[in-house]
Every structure is written in C-alpha cells, then in structure tokens.
Amino acid sequence: DMEPFFQLKLKLLPVVANWFRSARSCLFPDRPRSTQRQSLQNRELSALYKFIRGMPSLTVISYWQQFVMNAQAERRRIDDERRRLEDERRRLYYDEEAAWERLGGRPRSEGSSNVVSGSKRRRQE
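Along each chain, numbering runs from 1 in the same order as the chain's sequence is written. This being a predicted model, a pLDDT of at least 70 is required before a residue's local features are given, and a value of 80 or more before pairs of side-chain atoms are given or counted; all residues contribute to the totals for chains, interfaces and linings. As a convention, hydrogens and water are excluded, and side-chain values are obtained from all of the structure's heavy atoms.

Novice: Just give me the short version of the overall build of the protein chain, but keep the residues and values in it.
Specialist: The helix and strand tally for the protein chain stands at 3 helices and 0 strands. A helix here means a DSSP run of H or I that spans at least four residues, while a strand means a run of E at least two residues long, and both kinds are numbered starting from the N terminus. Taken from the N to the C terminus, the helices and strands of the protein chain come in the order α-α-α. When the 125 residues of the protein chain are sorted by exposure, 13% land in the buried category. Carbon and sulfur atoms form 54% of the exposed surface of the protein chain, whose accessible area is close to 11200 Å². When a residue's accessible area, from a 1.4 Å probe over protein chains only, is under 20% of the maximum for its type it is buried; when over 50% it is exposed; and in between it is partly exposed. Using the Shrake-Rupley algorithm and a 1.4 Å probe, accessible areas are obtained, with residue cover drawn only from the displayed protein chains.

Pasting the structure below:
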C-alpha cells in the first residue's frame, strides 16, 4: 500500500526504488531465482505505478519542469556555441586582413577575385 507515502510526495520515490534494488540482492536461496526475480519485478512495477498514479499532477508538473530545464540547457549550449563561432569569425577576419596587408592590399578592380591563386600575385604600380 503506497498511500501512506503520498504525503512525502515524490521525495520518497528514489527511496522506494533503492529499496527494491537492495531487495534484489536478498533473494531467497530455497526458491528458483527466476521466479523470485519475476515476483520482485512485478511488485516493483506495481508499487511505482501506484505511486505515480496517486499523484498525476505532480508527475506531469515534474515532466514539464524537466522539459523546461532541458530546453534552457540546450539554449545555453547553443548560445555558448554561437559565441565561440563569433570569436572564431572575428579571428579569421583579422587573419584575412593581416594577409591582405602583407600582400600589399586588397585588389582595386571589381573583376578581381578575393581568392589569391597559387601563382604569385604581381603588385600593380
């Protein structure tokens, strides 16, 4: 009977799960292990089902709270990645400008490409 535990709400759920986990190690040696294990699993599932069924609003709230926390964590991860990429973009822009400066400046004509070919570029005077 799970009703006496409902007053503690979901705080007791990990304790109940740990109790069943520890009970698995205390299976009786005189009965077949598969029968004992099946019986224990059935009781564990039944107890957890009754526990959750007794507090549907708490489980739904917990689900959506976890959903919000996951969404916030994903947004933080994306923001961190965006900052990292922006820093990388600035560094590449700086490197490109430094390279153009060493080449004598950007090409002045509109037809010229921004990409320098493998051959040496002649400086126009």
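Novice: Now, about the nonpolar core: what can you tell me, with residues and values included?
Specialist: In terms of nonpolar packing, the biggest core is built from 8 residues, these being Leu12, Val16, Phe20, Ala23, Leu40, Ala47, Phe51 and Met55. Where this core is concerned, the elements lending two or more residues are helix 1 (13–24) and helix 2 (33–53). Nine residue types can take part in a nonpolar core, namely buried Ala, Val, Leu, Ile, Met, Phe, Trp, Tyr and Cys, and a core is a set of them joined through side-chain atoms within 4.5 Å.

Novice: Please give an account of the packing of aromatic side chains that cites residues and values.
Specialist: Each pair of aromatic rings taken from Phe, Tyr and Trp, with Trp reduced to its six-membered ring, is defined by centres within 6.5 Å and is described as stacked if the planes are under 30 degrees apart, edge-to-face if over 60, and tilted in the remaining cases. Tallying each qualifying case throughout the model produces 1 aromatic pair. When the centroid spacing of 5.3 Å and the interplanar angle of 70 degrees are considered together, the rings of tryptophan 64 and phenylalanine 67 count as edge-to-face. Of this pair, tryptophan 64 and phenylalanine 67 are both found in helix 3 (residues 56–102), 3 residues apart, which corresponds to roughly one turn of the helix.

Novice: Explain the confidence of the model for the protein chain to me, and be specific about the residues and the numbers.
Specialist: Summary of the metric used: pLDDT quantifies the predictor's per-residue confidence within the range 0 to 100. Looking at the protein chain, pLDDT values average 77 and 70% of them are 70 or higher. Of all the helices and strands in the protein chain, helix 2 carries the lowest mean pLDDT, 76, while helix 3 carries the highest, 91. A contact between two residues is defined here by any heavy atoms of the two lying within 4.5 Å. Every residue in residues 118–125 scores below 50 in pLDDT, and together they form 4 contacts with partners more than four places removed in sequence or on other chains.

Novice: A description of the pattern of salt bridges should follow, citing residues and the corresponding values.
Specialist: Think of a salt bridge as a Lys or Arg side-chain nitrogen and an Asp or Glu carboxyl oxygen that are within 4 Å of each other. Counted according to the given criterion, the structure contains 11 salt bridges. For arginine 89, the salt bridge is made with glutamate 86, and the minimal N-O distance between the two is 2.9 Å. Highlighted residues: arginine 89 and glutamate 86, both in helix 3, separated by 3 residues, approximately one helical turn. Taking the relative accessible area as the measure of exposure, glutamate 86 reaches 31% and is therefore partly exposed. Where glutamate 88 meets arginine 91, a salt bridge forms, and the shortest distance between an N and an O atom there is 2.7 Å. Placement of both glutamate 88 and arginine 91 in helix 3 is noted, with a separation of 3 residues, approximately one turn of the helix. Look at the salt bridges and you will find they share partners, linking Glu86, Asp87, Arg89 and Arg90 into a network.

Novice: Please set out helix 1 residue by residue, giving values where relevant.
Specialist: Between its first and last C-alpha, helix 1 extends 17 Å over 12 residues, near the 16 Å set by a 1.5 Å rise per residue. Within the sequence span of helix 1, burial applies to Val16, Ala17, Phe20 and Ala23. Down the axis of helix 1, the buried side of the element spans an arc of 120 degrees, and every buried residue falls inside it. Any helix carries an expected span of 1.5 Å times its number of residues minus one. The arc in question is the one spanned by the directions pointing from the helix axis to the C-beta atoms.

Novice: Pulling in residues and values, what's your account of a nonpolar patch on the surface?
Specialist: Candidate patch residues must exceed 30% relative accessible area and have no salt bridge, after which like charges are joined if within 9 Å and Val, Leu, Ile, Met, Phe, Trp or Tyr side chains if within 5 Å. Taken together, the side chains of Val60, Tyr63, Trp64 and Phe67 present a nonpolar region at the surface, about 440 Å² in accessible area. Of the residues examined, phenylalanine 67 reaches a relative accessible area of 45% and is grouped as partly exposed.

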